[in-house]
Every structure is written in C-alpha cells, then in structure tokens.
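This is what each chain is made of:
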Amino acid sequence: MRTGNVIRNVAILATVSVSLFKNKEWGAFGEMSEEVSKEAAIKGANVKLIACGAVTALWLLAACCLGYFAHPPMDDANCKGAFSCLTASEWGDFLAGVFAPVAFFWLVVTVWIQSDELREQRNELALTRKEFELNRSVMEEEAQAARSQAGYLATQTALLGDEAKARNREANLNSFVTLMSRYVEHSREVRDSVFYRVGFGSGYVFCNAPANCSHERYVHLQWGHATSILDESPEEVSVVNGDSFEEAFVFIYGAEELVELIPYHSRVSWQRSKLRLLLDCYCQLILRDPQFPHLRGYVSARERRLGRVAMDLSPLMVSVQDGPNGA
C-alpha cells in the first residue's frame, strides 16, 4: 500500500511537470506553429507524439525500478522483493498508480494536439475566407469589365447601325434623285404627245417649264398645272397616250415612296415641296380616267402608306370644284 501511494505521488508530480513544460516550452512552439504550413504542423504533431511516447516509456521504467527496489515488508521474512510480496489488491493499487497518470497524461497530450489542429484549421479557414474574398473581388472586376465590354459593344453596334442607316439613306437619296431625274426628262420628252380631253376641250398633261429649273421648281410648276386640269374636269377626264403618262406616274410614285428614307436635309426640303400634292393630282386623274384600272392599286397602296382611309375621290373633287365657283 505504501509503495502504491509513493508511485501515485510520483505520477502526479510528473504530470504537473509535463503541464508546466507544455505551458512554458511548448507554448512558444504552439505560437510558432500558427505561422507554419500544413506540412510543418503535421511534423510538429509527430514530434509531440514521439516526445510523449518517450516520457511514457521513462515513466513506466521508473515505476518498475521503483517497485523492484522498494523495501519488502519487515513482518514477512520469506519475501525477497517487493513484487513477490504483493497481494492481488496491492497489485491492483500498483497498476492503478502506474497507468492512471499515464492515461491522464495522454489525455492532456491528445487535447494539446487537437487544439493545435483546430488552430491550424482556423488559420486555413481564415486563408480560405480571404481567398474567397479575393476571388469575389476578381469576379466583380471581371463582371465590371464584362459590363464595360458589353457597353462598348453596344455602342459599336449602335454606331455600325447608324452608319448602315446613313449608307441606306444615301443609297435611297441616289435612287430618289435618279427617279426624279427620269420623271423630269420623260415628262419633257413626251409633253407634246400626252394631253387630256374634257368634253370638247383638251390640253397638255405636262406643262412647259424652263430648261434650267430645279427639280423642286419643276414639281411645283407641274402641280399648279395639274390642279388647273382637275378644276376644269370635275367628273371624268380622258388622257391620250396613257402609256407615257403611266411611265411618268411610276417614276414619281417611286420617288415619293423614298422621301421618308432619304437623309434629313433632303427629306425636309422635299416634304415642304409640292411632290405629294402633285402625286395627289395624278392619282385623281387615274381615278377619273376609265383606262387606268390597273393603276388604281397604286392609288390604294399609297393611301394605306400615307395612313389615309381609301375613299372615292369624285365627291371630294366636286366639293373642291364648288368652292372656287362659289368664291
């Protein structure tokens, strides 16, 4: 019993010494381990296990030596050593005194190693969090760059679209000028062969115009002449050499379709001209002449294009005729 108490006290002293050694010496190593890599942390854990195993072996060796060299009981002369004189209960006390400190010591060591591992895990989590933050900042910068690129592409697309529209308007302007030139040239050429008949009267459909006048001035003169024809023939009119008139009508009809598609500076000028009014007069001539049923589709299409309601223009022309007479 006395031997077991001595061993137990020695075990307690050894445990306290190891705890102090941990707090003083290995505490510094624990602080250093926060800055090392994962491989260094694993190596440090292996060193701790080896050191603790050595301490355990020394402890067991010391316990055996202490039990072997302990004095045998004085009341039993047959006992030649401490181990040979121990009873079963004394053996239990001896083993408990030897291995209880060992178990407690390894418990402390296990907690120590686990605390280091948890510290390393916290460091790794902090590094992972920082890496995630860096990745997020990089992704935000990439997203911003992508948005800037998308804005740049949208701007480029808009510029390309504007350039394409400008090219289309220039092409439409060329087509418009070509159609107007062909109308002017054709109407000058066939002026003497295209005329109208109203009852017993007749006259030229295209009026004479100065040779050097502009297209806008030419259209203005033709509009005034066509208006006088309509005022003279309130109900029905007959155009002689209708094929030549039809060809001139197709030229100016196509030109009017392109007015809204030409560049702004030319579009404004032609919108203020008499082009649309002149074509209105030609459409009324077509509606009043029975020989142009195939051209009435042009008239209906033009009415739809201009957003008007298709209607019979004869009553309207009667009211127009009554207006000047009443005046």
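What you see is a predicted model, and the numbers here were worked out from it, not measured in a lab.

The rules we used
- Residues numbered from 1 in each chain as written.
- Predicted model: local features only at pLDDT ≥ 70, side-chain atom pairs only at ≥ 80, totals over all residues.
- Heavy atoms only, no water.
- Helix = DSSP H or I, 4+ residues; strand = E, 2+ residues; numbered from the N terminus.
- Contact = heavy atoms within 4.5 Å.
- Areas by Shrake-Rupley, 256 points an atom, 1.4 Å probe, with all protein chains shown as cover.
- Patch = residues over 30% accessible without salt bridge, like charges linked within 9 Å, V, L, I, M, F, W, Y side chains within 5 Å.
- Salt bridge = Lys/Arg side-chain N within 4 Å of Asp/Glu carboxyl O.
- Core = buried A, V, L, I, M, F, W, Y, C linked by side-chain atoms within 4.5 Å.
- Buried < 20%, exposed > 50% of the residue type's maximum accessible area, 1.4 Å probe, protein only.
- Phe/Tyr/Trp six-rings, centres within 6.5 Å; stacked < 30°, edge-to-face > 60°.
- Pairing = 2+ DSSP bridges.
- Arc of directions from axis to C-beta.
- Expected span 1.5 Å × (residues − 1).
- Lys, Arg positive; Asp, Glu negative; His and termini not counted.
- Axes fitted to C-alpha atoms, helices over the stretch in contact; angles between N-to-C directions.
- pLDDT = per-residue confidence, 0-100.

K.L.:
Can you walk me through the overall build of the chain in this structure?
P.N.:
Check the secondary structure of the chain and you find 9 helices and 3 strands. Listed N to C, the secondary structure of the chain is α-α-α-β-β-α-β-α-α-α-α-α in terms of helices and strands. Taking all contacts inside the chain whose residues are at least 6 apart in sequence as the whole, residues at least 24 apart take part in 74%. Put simply, the chain shows about 20,500 Å² of open surface, and 60% of that area lies on carbon and sulfur atoms.

K.L.:
Looking at this structure, I do not really get a nonpolar patch on the surface. What am I missing?
P.N.:
A contiguous nonpolar surface patch, about 280 Å² in accessible area, is contributed by Trp-91, Leu-95 and Phe-99. Looking at the secondary structure, you find Phe-99 in helix α3 (residues 88-189).

K.L.:
Quick question: what am I supposed to make of the nonpolar core here?
P.N.:
The tendency in soluble globular proteins is for nonpolar side chains to be buried as a group. Formed by 42 residues in total, the largest nonpolar core has its most connected members in Phe-176, Tyr-183, Phe-206, Phe-245 and Tyr-282. Mapped by element, the contributors of at least two residues to this core are α3, β1 (195-198), α4 (215-232), α5 (242-257) and α7 (275-288). Examining the composition of this core, we find that 8 residues originate from one element, α7, more than from any other. Those residues in contact with Tyr-282 that sit more than four places away from it in its chain are Tyr-183, Phe-206, Gln-222, Ala-226, Phe-245, Phe-249 and Ile-252.

K.L.:
I keep staring at the pattern of salt bridges and nothing clicks. Help me out?
P.N.:
The full count for this structure, using the stated rule, is 7 salt bridges. Linked by salt bridges that have partners in common, Glu-256, Glu-260, Arg-276, Asp-280, Arg-302 and Arg-305 make up one network.

K.L.:
Got a minute to help me understand the packing of aromatic side chains in this structure?
P.N.:
Here the distance between the centres and the angle between the planes together describe a pair of aromatic rings. Throughout the structure, instances matching the rule amount to 10 aromatic pairs. Arranged with centres 6.1 Å apart and planes meeting at 75°, the rings of Tyr-183 and Tyr-218 form a pair that is edge-to-face. A residue pair is termed long-range when its members are at least 10 positions apart, and Tyr-183 in helix α3 and Tyr-218 in helix α4 qualify at 35 residues. Centroid distance Phe-245 to Tyr-282: 5.4 Å. Interplanar angle 80°. Geometry classified as edge-to-face. Of the two residues, Phe-245 is situated in helix α5 and Tyr-282 in helix α7; the sequence distance between them amounts to 37 residues. Taken individually, Phe-245 and Tyr-282 each receive the classification buried, so the pair is uniform in this respect. Members of the aromatic cluster, each reached through a chain of ring pairs, are Phe-206, Phe-245, Tyr-282 and Phe-292.

K.L.:
What is the right way to look at the pairing of β1 in this model?
P.N.:
Consecutive side chains of a regular strand alternate in pointing toward one face of the sheet and then the other. Only one face of β1 is covered, namely the one carrying Tyr-196 and Val-198; the face carrying Phe-195 and Arg-197 has none of its residues buried. In this structure, β1 lies alongside strand β2 (residues 201-204), joined through 4 bridges in antiparallel fashion. Considered in β2, the bridge of Arg-197 is made with Ser-202. The sheet contact formed by β1 and strand β3 (residues 238-240) spans 3 bridges and is antiparallel. Residue pairing for β3: Phe-195 is matched across the bridge by Val-240.

K.L.:
Explain helix α6 (residues 264-271) to me, please; I cannot follow it from the model alone.
P.N.:
Since the α-helix turns once every 3.6 residues, residues separated by three or four places project in the same direction. All of the buried residues in α6 are Ser-266, Arg-267 and Trp-270. Considered in projection along α6, the buried side chains sweep an arc of 100° and stay on one side of the axis. Those residues of α6 that are exposed and aimed more than 90 degrees away from the buried face are Tyr-264 and His-265.

K.L.:
Explain α5 to me, please; I cannot follow it from the model alone.
P.N.:
For α5, spanning 16 residues, the distance from its first C-alpha to its last is 22 Å, which sits close to the expected 22 Å at 1.5 Å a residue. Those residues of α5 lying buried are Gly-242, Ser-244, Phe-245, Ala-248, Phe-249, Phe-251, Ile-252, Tyr-253, Gly-254, Ala-255 and Glu-256. Along its buried surface, α5 packs onto α3, β3, α7 and α8 (296-305).

K.L.:
I keep staring at the side chain of His-186 and nothing clicks. Help me out?
P.N.:
Assignment of secondary structure puts His-186 in helix α3. Not counting residues up to four positions away in its chain, the partners in contact with His-186 are Ser-244, Glu-247, Ala-248 and Phe-251.

K.L.:
It is not clear to me how the environment of Val-194 should be interpreted in this structure. Could you clarify?
P.N.:
Its location among the elements puts Val-194 in the loop between α3 and β1. Expressed as a C-alpha distance, the spacing of Val-194 and Val-205, which sit 11 residues apart in the sequence, is 6.0 Å. Excluding residues within four positions of it along the chain, Val-194 makes contact with Tyr-204, Val-205, Phe-206, Val-239, Val-240, Asn-241, Ser-244 and Phe-245.

K.L.:
Help me understand the side chain of Arg-267, please; the structure alone is not making it clear to me.
P.N.:
Along the polypeptide, Arg-267 turns up in helix α6. For the buried Arg-267, which has no salt bridge, the nearest side chain bearing the opposite charge is Glu-260, at an N-O separation of 4.5 Å. If near-sequence neighbours (up to four positions away) are discounted, Arg-267 is found in contact with Arg-169, Val-259, Glu-260 and Ile-262.

K.L.:
Help me out: how do you make sense of the sheet that holds β1 in this one?
P.N.:
The strands that make up a sheet pair up through hydrogen bonds in the backbone, lying either parallel or antiparallel. Taken in spatial order, the 3 strands line up as β2-β1-β3 in an open sheet, and their pairing is antiparallel. Each edge of the open sheet carries a strand with a single partner, namely β2 and β3. Neighbour-to-neighbour, the strand axes of the sheet open up by a mean angle of 25°, direction not taken into account.

K.L.:
Would you take a moment to explain the confidence of the model for the chain for this structure?
P.N.:
Do not read the predicted coordinates in detail wherever pLDDT is low. Summing up the model confidence of the chain, the mean pLDDT is 78 and the portion of residues at 70 or higher is 74%. Note that residues 1-34 has pLDDT below 50 and, in this model, 35 contacts with residues that lie over four places away or in other chains. Here residues 309-327 is a poorly scored stretch, pLDDT under 50, and it has 13 contacts once near neighbours within four places are set aside; other chains count.

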